[in-house]
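Coordinate inspection notes
So you can see what is in the structure, the chains are spelled out below.
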Amino acid sequence: MKKLFLHITMLIAMCLLAPSCSVDKYIPEGSYLLDRVSVTCDDEELMKTYLLNDYATQNTNSKWFGARVPLRIYCLSGQDTTKSRTRLLRRIGEAPVLYDSLTSSKIVGDMKKVLGNAGYMKAEVSQVKDVRGKKMALEYHISPNERYTLRNVDRVVDDEGLRHFVCVEDTANSLVKEDYPLDVNMLNGERNRIANYLRNNGYYKFTKDNVKFSADTAANSTEVDLTIIVKKHQENGRVKASEHKKYTIGDVHFLTDVVSGRGNIDTLKYRGFYFLSQNGNVKFRKKLLASHSLIRTGDLYNEQKFKRTYNNYTRLGAVAYSSVQFNERPGEDILDCDITINHAKENSFGVDVEATNSAGDLGAALSTSFQNRNLFNGSESFLFKIRGAYEAITGLEGYEGNNYVEFGAEARLGFPAFLFPYVKREWGMLHNASSEISLQYNLQNRPEFQRRVLSAAWRYKWSSRDAHIQHKFDLLEVSYVYMPWISRTFKEQYLDSLGKTNAILKYNYENQLITKLGYTYTYNSLGAREQTYGKNAYTVKFNIETSGNVLYGISNMAGAKKNDMGQYEFCGIGYAQYVRGDLDLAKSIKIDKNNSVAFHGAFGVAYPYGNSKQLPFEKRYFAGGANSVRGWSVRSLGPGKYNGKDKGINFLNQSGDIKIDLSMEFRAKLFWKFSGAAFVDAGNIWTIRDYEDQPGGAFRIDKFYDQIAVAYGIGLRMDANFFIVRFDGGMKAVNPMYSGKEHYPIFHPVFSRDFAFHFAVGLPF
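Report follows, based on the coordinates. Just so we're clear, the structure is a prediction, and the values are computed from it rather than from any experiment.

Turning our attention to the pattern of salt bridges. Applying the stated criterion across every chain, the model contains 40 salt bridges. The partner of R446 in a salt bridge is E448, with the nearest N and O atoms 2.9 Å apart. On the basis of relative accessible area, R446 is assigned to the partly exposed category, the value being 23%. What makes E448 buried here is its relative accessible area of 1%. In this structure, a network of salt bridges that share partners links the residues E410, R412, E436, R459, D474, E477, K516, E545 and K619.

As structure tokens, then:
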């Protein structure tokens, strides 16, 4: 795999450095290669506001890292299309993009239309062509000229029942006011606003088509007199127009897994709702369905409640299909509602096979899972998973050629509600809230020791109404780490040996109790489920967690005695006490449809105190690897300028309490499903306290910037639809572990020493 990565890298480099081949022979007579396309405007802010650059859809040939590599590959193909080499190079490459006058005319028309809708009725868009040989540089120059504004705004309402609302009561909320610009988007927004308000107040048949606008302009003037017209209701334009009616909700029926014409239909009434089922086949509790409906008998029709009710059912994992329909009673202003709910397949099984690579040690893992999506007929999800892994490990000194075996079991139960006292169910539905309880057991057998971890957690998840913000609150997560066996050799040579006594090492091979309380905030500018890759977007993630404070307070007040290590104990086990905070920022900037640049910063601080002098191993920071400073292999960088001598225990020594990770990545679409990246990474980890076993690893405000490691490299990504396979090759540029010329391997590179290859699934950020 490394050789393939290097071959592809060399091919890209050759194309980037190769002299420009002749493109002229691929350009027909009278045609021009589109060499550059730009959009300029007399008002730069206007161009940004209305994204006028995006309307220049005829782009030049795509670029790889700033060079037109696909075009160069195409030019190397030759003219004989019967040869397989020619067809292959043309498939990978890209034919010259020629200037198209029809496309350009359409672009000019689209820009004028956008500006006209924004009130710039007299906007001018001109094409400026710079032809040199068979190449053309094309510029679209925009002169918006003066914008039309509203002088007077009048309202005409034919329906007497709506006149007071539109002409008096609602004018303060109107989006259309005097001296505002004449903007079609604003007018459409006003139509939707009026229609939504009325539909939320019983006017079931009112639509935005009942709202019209009439604009009157004077000669040689950019001032507009606007009239908002609200029409009466008219069915299909065939009957006489009539007053708009307010509708009231009548009967509400739940149809659960009902198939017409098959079997008997049973009807039950519960809390004012009617439940219809076939042959008594009820898959959901009546309370669940009733509580998720905001549509109630006797209420006025409300469009917002209709949409929220539909969303409430679609988010239930046990529901395969749902619909909400209204039926008008003949001759009455009453709507009966039918809510159809069909259940999803309850049980499912899954099997996953994994290949693992932990710092060069190869292994395999097999996991099987069972899931039930409707455990108690309330759309509760239950997951049970078993995982087993085997790895041929290098081991420590004296343990070469031994194996690592891991077994894990997990049970997770999720509820589609925020189960907390004094929190209303309606709030949980509005914020897509869920609650979860989980229990996990992990068994690890190594040649040096055996380790067992038992964890239990209760957590909540919810989101903002616009789905941009996600919250996760770990009310309680308890982990018990138990060491049933440590080999005599490992204990004597690594834990108790006078020359190798290591506080961090010893602490993490003792029984521990971790009681975590944590909160995570995530913001995605595009929405929680949207991918930011290659788009103008940003994400923010913040996490804070603490452990041991409640137990420490109880122990202190109770006057409990400390053990030999100066720790309070709970049930005979020393518990961890710390606080940890993390901030993760990512920003993606779109250059064009094929190129983007992304920035990433991750910062973390963890502080042990009170009952702990060191952080638990699982809570410490590590640097290097596929998602960190990619010139180093996983967990091989830091802390600070520490350079471990005993490679057997560096996986613990090369950990810290503070983390800084910075990355900049240029991303380019290559061909088919492949994309490339060129990146620069910087960062390191540090300890808060000075540890004898990690010399040079402590964070110092006046020295840490000299200990920032820097790496550079390139990567290849393949989009496999459901996931992205990633290959990254990184080279060390600045190595804080060394001084002298070895501190700057960018000037004195040694490939075998400074290169690191990474294989990963998913993007680094």
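Structure's up, so let's keep going.
Here we come to the sheet that holds strand 11 (residues 334-343). The five strands are arranged 8-9-7-11-10 in an open sheet whose pairing can be described as mixed. In the strand order of this sheet, the two ends are held by strand 8 (265-270) and strand 10 (319-328), each with one partner. Averaged over all adjacent pairs, the angle separating strand axes in this sheet is 20 degrees, with direction ignored. In this fold helix 9 (residues 303-314) packs onto strand 7 (248-256), strand 10 and strand 11, with an angle of close to 155 degrees to the strand it touches most, strand 10.

Within the fold, S379 resides in the loop between strand 13 (361-372) and strand 14 (381-392). Here G317 takes part through its backbone nitrogen, which lies 3.3 Å from a polar atom of the side chain of S379. Separated by 3.2 Å, the side chain of S379 and the backbone nitrogen of A318 make a polar contact. When near neighbours in sequence (up to four residues on either side) are disregarded, S379 contacts L288, L316, G317, A318, R373, N374, G414 and P416.

Now for the environment of R689. Along the chain, the position of R689 falls in the loop between strand 26 (674-686) and strand 27 (709-719). Under the relative-accessibility criterion, R689 is labelled partly exposed at 28%. R689 has contacts with Y607, P608, K613, D657 and A698, leaving out every residue within four places of it along the chain.

Take the pairing of strand 19 (residues 512-524) next. When strand 18 (residues 469-486) meets strand 19, the two strands line up antiparallel, connected through eleven bridges. Residue pairing across strands places K472 opposite T520, the latter belonging to strand 19. In the sheet, strand 19 pairs with strand 20 (residues 537-547) via nine bridges, with the strands oriented antiparallel. Bridge assignment links Y523 to a residue of strand 20, and that residue is V540.

Before going further, it helps to examine the environment of R193. Along the chain, R193 turns up in helix 7 (residues 184-199). Measuring from C-alpha to C-alpha, the distance between R193 and N281 comes to 43 Å, with 88 residues separating the pair along the chain. In this view, R193 contacts D170, N173, S174 and L175; residues no more than four positions away in its chain are not counted.

Here we come to a negative patch on the surface. A cluster of acidic residues, D42, D43, E44 and E45, forms a negative patch on the protein surface. You can see D42 is positioned in the loop between strand 1 (33-41) and helix 2 (44-49).

Parameters and conventions
- Residues numbered from 1 in each chain as written.
- Predicted model: local features only at pLDDT ≥ 70, side-chain atom pairs only at ≥ 80, totals over all residues.
- Heavy atoms only, no water.
- Salt bridge = Lys/Arg side-chain N within 4 Å of Asp/Glu carboxyl O.
- Buried < 20%, exposed > 50% of the residue type's maximum accessible area, 1.4 Å probe, protein only.
- Pairing = 2+ DSSP bridges.
- Helix = DSSP H or I, 4+ residues; strand = E, 2+ residues; numbered from the N terminus.
- Axes fitted to C-alpha atoms, helices over the stretch in contact; angles between N-to-C directions.
- Contact = heavy atoms within 4.5 Å.
- Polar contact = N/O pair within 3.5 Å; in protein donor to acceptor, adjacent residues only side chain to side chain.
- Patch = residues over 30% accessible without salt bridge, like charges linked within 9 Å, V, L, I, M, F, W, Y side chains within 5 Å.
- Areas by Shrake-Rupley, 256 points an atom, 1.4 Å probe, with all protein chains shown as cover.
- Lys, Arg positive; Asp, Glu negative; His and termini not counted.
- Charge placed at Lys NZ, Arg CZ, Asp CG, Glu CD.

From the geometry alone we can't say anything about function, so treat these as descriptive.
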